[in-house]
Amino acid sequence: MYILLSIIAFGILIAIHEAGHFCAAKACGVRVNEFSIGMGPALLKKQGKETLYSLRLFPFGGFCAMEGEDEETGDPRAFSAKPAWQRAIILCSGAAMNFLLGFLLALCIAPFANFNEPVIHSFFDNCPYEGEAAFLPGDRIHSVDGHRLYFVEDLSYYLGRGQKDEHGDSVHRIVVIRDGRRVVLDDFPIGLREYPDANGGTVTKYGFYFMPRETGFFANVRYAWLESLNFVRLVWRALGDLFTGAVGLRDLSGPVGVISYVHEVEAATTTPLEAYFSFFYIFSLIAVNLAVTNMLPLPALDGGRAFFLLVTFLIEKITRKRLNPKYEGYIHTAGFVLLMGLMLFVLLSDIFKLIAKR
């Protein structure tokens, strides 16, 4: 059931993305020749007034084919005939819709999310980090080493990245918001300590108790927004690891790998609520992931098209000559071929991983 739901969810992610392009194109008066959900052979087709609507065999893809997208056609309603600002809106609308969907999915799970923002309520007994020169009750820990903190979990992550001394402490630049003022703790040494717990044992903590989460509609909206921003940061962090070599191409996963992961996660859940939360959380992350990666300035991606739009706009302003869109089309075609090759590699890698697990 979860595999089927995952396939449907991927179809919805793609449909929402392409619907963003479609609606923006229609609003800007661009002729849309075909709107397709899926790739490969067509299963269903319906000819509208000017647009062919189709559902294709493979659910992991789709397209919104606009008139004059990669060449001059002489049609006043062609994509290439529209002003640069309208073309930019059309190109960015797909990613914007994916981000909005990710936000709405996060909002669906917000009432059940166990999250706390990094606002200090009180301290463990004998915590060494309480005081005017350190932290006080009511302080909001805003950032660590320039990294904004959205949730308490972010604090542990960024404090754990520093170089440890012999006492297990690391030095950081911490910014807190205290009574509406920014207080900067430069070169602040901080580390985990052992504190007694209620059962007579010990726990290893930094020594802070944080404010309980707020409840209500606006608190849920705030959670969904902060979680969406956190997802954006996670994607950028993953891309950084990819470019620095911390992870390799074999660590990438496509739809097959994601569906396999969803199946494993759902199999490990013990209640329907856990399953609901996990499913929506994963696809909220994926929706934001698609929004971010699709806007990378790479050929064939919407971000690459938007980047070339900016470049050609500047060149045309300087030279007073209009560039032929077909040359940009050649670049995007080559990029599309490379992208398909990468997707095939990831697909085969996911399949081999599944075989190895068995």
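Rules used in this analysis
- Residues numbered from 1 in each chain as written.
- Predicted model: local features only at pLDDT ≥ 70, side-chain atom pairs only at ≥ 80, totals over all residues.
- Heavy atoms only, no water.
- Helix = DSSP H or I, 4+ residues; strand = E, 2+ residues; numbered from the N terminus.
- Contact = heavy atoms within 4.5 Å.
- Areas by Shrake-Rupley, 256 points an atom, 1.4 Å probe, with all protein chains shown as cover.
- Lys, Arg positive; Asp, Glu negative; His and termini not counted.
- Charge placed at Lys NZ, Arg CZ, Asp CG, Glu CD.
- Core = buried A, V, L, I, M, F, W, Y, C linked by side-chain atoms within 4.5 Å.
- Buried < 20%, exposed > 50% of the residue type's maximum accessible area, 1.4 Å probe, protein only.
- Pairing = 2+ DSSP bridges.
- 1 Å grid on protein atoms, 1.4 Å probe; cavity = no way out; pocket = protein on both sides within 12 Å on 5 of 7 lines; lining within 4 Å.
- Points joined across faces, edges and corners; volume = space filled by probe spheres on them.
- Patch = residues over 30% accessible without salt bridge, like charges linked within 9 Å, V, L, I, M, F, W, Y side chains within 5 Å.
- Salt bridge = Lys/Arg side-chain N within 4 Å of Asp/Glu carboxyl O.

## Overview of the overall build of the protein chain
- A count of helical and extended segments in the protein chain gives 8 helices and 10 strands.
- Judged by the C-alpha coordinates and their principal axes, the protein chain covers about 75 × 55 × 40 Å.
- Here the contacts in the protein chain between residues at least 6 apart in sequence split such that 62% fall between residues at least 24 apart.
- Looking at the protein chain as shown, the accessible area adds up to about 20,000 Å², and 64% of this sits on carbon and sulfur atoms.
- Taken as two groups, the 33 positive and 36 negative side-chain charges of the protein chain have centres that lie 10 Å from each other.

## A word on the nonpolar core
- Counting residues in hydrophobic clusters, the biggest one holds 22 residues, and the most contacted among them are F135, I141, V144, I174, F188, I190 and F208.
- Those elements giving two or more residues to this core turn out to be β3 (120-123), β4 (140-144), α3 (152-159), β6 (169-178) and β7 (181-191).
- The dominant element in this core, judged by the number of residues it contributes, is β7, at 4 residues.
- Contact partners of I141, with chain neighbours within four places excluded, come to P118, I120, F135, L149, L155, I174, V175, V176 and F210.

## Section: the sheet that holds β4
- The sheet built from 4 strands is open, its strands ordered β5-β4-β6-β7 with antiparallel pairing. Each edge of the open sheet is held by one strand with a lone partner, namely β5 (147-148) and β7.

## A look at empty space enclosed by the protein
- As enumerated under the stated definition, the model contains 1 cavity of 30 Å³ or more in all.
- Its volume calculated, the largest cavity comes out at about 30 Å³.
- In terms of lining residues, the largest cavity is bounded by E117, P118, R140, I141, H142, R148, L149, Y150, R222 and L226.
- Counting only elements with at least two residues in the lining of the largest cavity, the list comes to β4 and α4 (217-244).

## So, a nonpolar patch on the surface
- Side chains of L344, L347, L348, I351, F352 and I355 sit close together on the surface and give an oily, nonpolar patch of about 550 Å² of accessible area.
- Position of L344 among the secondary structure elements: in helix α8 (residues 325-357).

## Considerations on unusual backbone geometry
- Even without a glycine there, the phi angle at D179 is positive, about 55°.
- Notably, D187 is not glycine yet its phi reads approximately 50°, a positive angle.
- By the element assignment, D187 lies in strand β7.
- When its relative accessible area of 61% is taken as the criterion, D187 is described as exposed.

Any link to function would need more than the numbers given here.
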